[in-house]
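Below, each chain spelled out in residue letters.
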Amino acid sequence: MLEVEDPWLQEIVKVVDELIVPLKGLLKLPIYDSVLALSISEMSEYLEKLVMTCSYNQLGGLQFDKRLRSLITYLSGITQWSIREKFTRLTQIALVLSMERLSEVSEYISSSMMCRLTAAEIRQCLRLRTDFRKEDIDKITIDV
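### Here's the deal with the overall build of the chain
So, point 1. The secondary structure content of the chain amounts to seven helices and zero strands.
So, point 2. Along its sequence from the N terminus, the chain presents helices and strands in the succession α-α-α-α-α-α-α.
So, point 3. In terms of principal-axis extent, the alpha carbons of the chain reach across some 55 × 30 × 20 Å.
So, point 4. For the chain, the residues scored as buried account for 42% of the 144 residues in total.
So, point 5. A fraction of 68% describes how many contacts in the chain between residues 6 or more apart in sequence connect residues 24 or more apart.
So, point 6. Total accessible area on the chain is roughly 8,600 Å²; 56% of this is exposed by carbon and sulfur atoms.
So, point 7. Across the chain, the centroid of the 18 positively charged side chains sits 2 Å from that of the 21 negatively charged ones.

### Some words on helix α6 (residues 119-127)
So, point 1. Taken residue by residue, α6 has I122, R123, C125 and L126 as its buried positions. For α6, the buried positions fall inside an angular range of 160 degrees around the axis, keeping them on one side.

### Description of helix α3 (residues 58-77)
So, point 1. Over its 20 residues, α3 extends 29 Å from the first C-alpha to the last, a length consistent with the 28 Å expected when each residue adds 1.5 Å.
So, point 2. Buried residues of α3: G60, G61, F64, D65, L68, L71, I72, Y74 and L75, and no others.
So, point 3. On the buried face of α3, the contacting elements are α1 (7-20), α2 (29-51) and α4 (88-97).
So, point 4. Taking the backbone nitrogen of L59 as reference, a side-chain oxygen 3.1 Å away marks N57 as the first, capping residue of α3.

### A word on the environment of Q124
So, point 1. As for its position among the elements, Q124 is in helix α6.
So, point 2. Separated by 96 residues in sequence, Q124 and K28 have C-alpha atoms that sit 42 Å apart.

### Focus on the nonpolar core
A general tendency of soluble globular proteins is for nonpolar side chains to be buried together.
So, point 1. The biggest cluster of nonpolar side chains holds 42 residues, and the ones touching the most others in it are L75, F87 and L126.
So, point 2. Setting aside its immediate chain neighbours within four residues, L75 contacts V16, I40, M43, I83 and F87.

### Topic: the packing of α1 against α3
So, point 1. Their axes nearest at 10 Å, the elements α1 and α3 cross at an angle of 20 degrees. Considering the angle they form, α1 stands roughly parallel to α3. Crossing of α1 against α3: the hand is right-handed. Of α3, the residues touching α1 (which contributes W8, L9, I12, V13, V16 and D17) are R67, S70, L71, Y74 and L75.
So, point 2. A per-class count over the contact of α1 with α3 returns eight nonpolar, one polar and two charged.

### As for the pattern of salt bridges
So, point 1. Tallying each qualifying case throughout the model produces 10 salt bridges.
So, point 2. One salt bridge connects R69 with D65, and the closest N-O pair in it is separated by 3.1 Å. Of the two residues, R69 and D65 are both situated in helix α3; the distance of four residues between them amounts to about one turn of the helix.
So, point 3. Judged by relative accessible area, R69 falls into the partly exposed class, the value being 49%.
So, point 4. Between E135 and R133 there is a salt bridge whose closest N-O contact spans 3.4 Å.
So, point 5. Here the residues in one salt-bridge network are E48, R89 and E121, joined through shared partners.

Thresholds, definitions, all that
Residues numbered from 1 in each chain as written. Predicted model: local features only at pLDDT ≥ 70, side-chain atom pairs only at ≥ 80, totals over all residues. Heavy atoms only, no water. Helix = DSSP H or I, 4+ residues; strand = E, 2+ residues; numbered from the N terminus. Buried < 20%, exposed > 50% of the residue type's maximum accessible area, 1.4 Å probe, protein only. Contact = heavy atoms within 4.5 Å. Areas by Shrake-Rupley, 256 points an atom, 1.4 Å probe, with all protein chains shown as cover. Lys, Arg positive; Asp, Glu negative; His and termini not counted. Charge placed at Lys NZ, Arg CZ, Asp CG, Glu CD. Arc of directions from axis to C-beta. Expected span 1.5 Å × (residues − 1). Polar contact = N/O pair within 3.5 Å; in protein donor to acceptor, adjacent residues only side chain to side chain. Core = buried A, V, L, I, M, F, W, Y, C linked by side-chain atoms within 4.5 Å. Axes fitted to C-alpha atoms, helices over the stretch in contact; angles between N-to-C directions. Parallel < 35°, antiparallel > 145°, perpendicular 65-115°, else oblique. Left-handed = near helix turned anticlockwise from the far one by under 90°. Nonpolar A, V, L, I, M, F, W, Y, C, P; charged D, E, K, R; others polar. Salt bridge = Lys/Arg side-chain N within 4 Å of Asp/Glu carboxyl O.

Written as structure tokens, this is what we have:
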């Protein structure tokens, strides 16, 4: 089990350790990998929906980014394959939520090799930030 002091992450790790990891000894490896891949995909989709219902300031965005990186590290440790692909959208959402200034959005998009978020989704993420004004968000150019 991953040693963490974050209750949010502890709860997710506990559920995975109790429900998913024991299946490794009961199932053939390809079946276990399929169950794990499906569970991770569902977890990622659920977390994305959950994240989009909250509001954040920059510190909250940074905290979410840290939690997400810890979760990805933990899940990478229990799989035989890379899971980062399944968390690409969430990682990009975390990056948008943790930006210091709105001007960083265009810098990020121009430097990003493959943005998985649409311009509308980026604006939706920015609107979750309580410290960004909606008028300012509407003014920025987002060319994805």
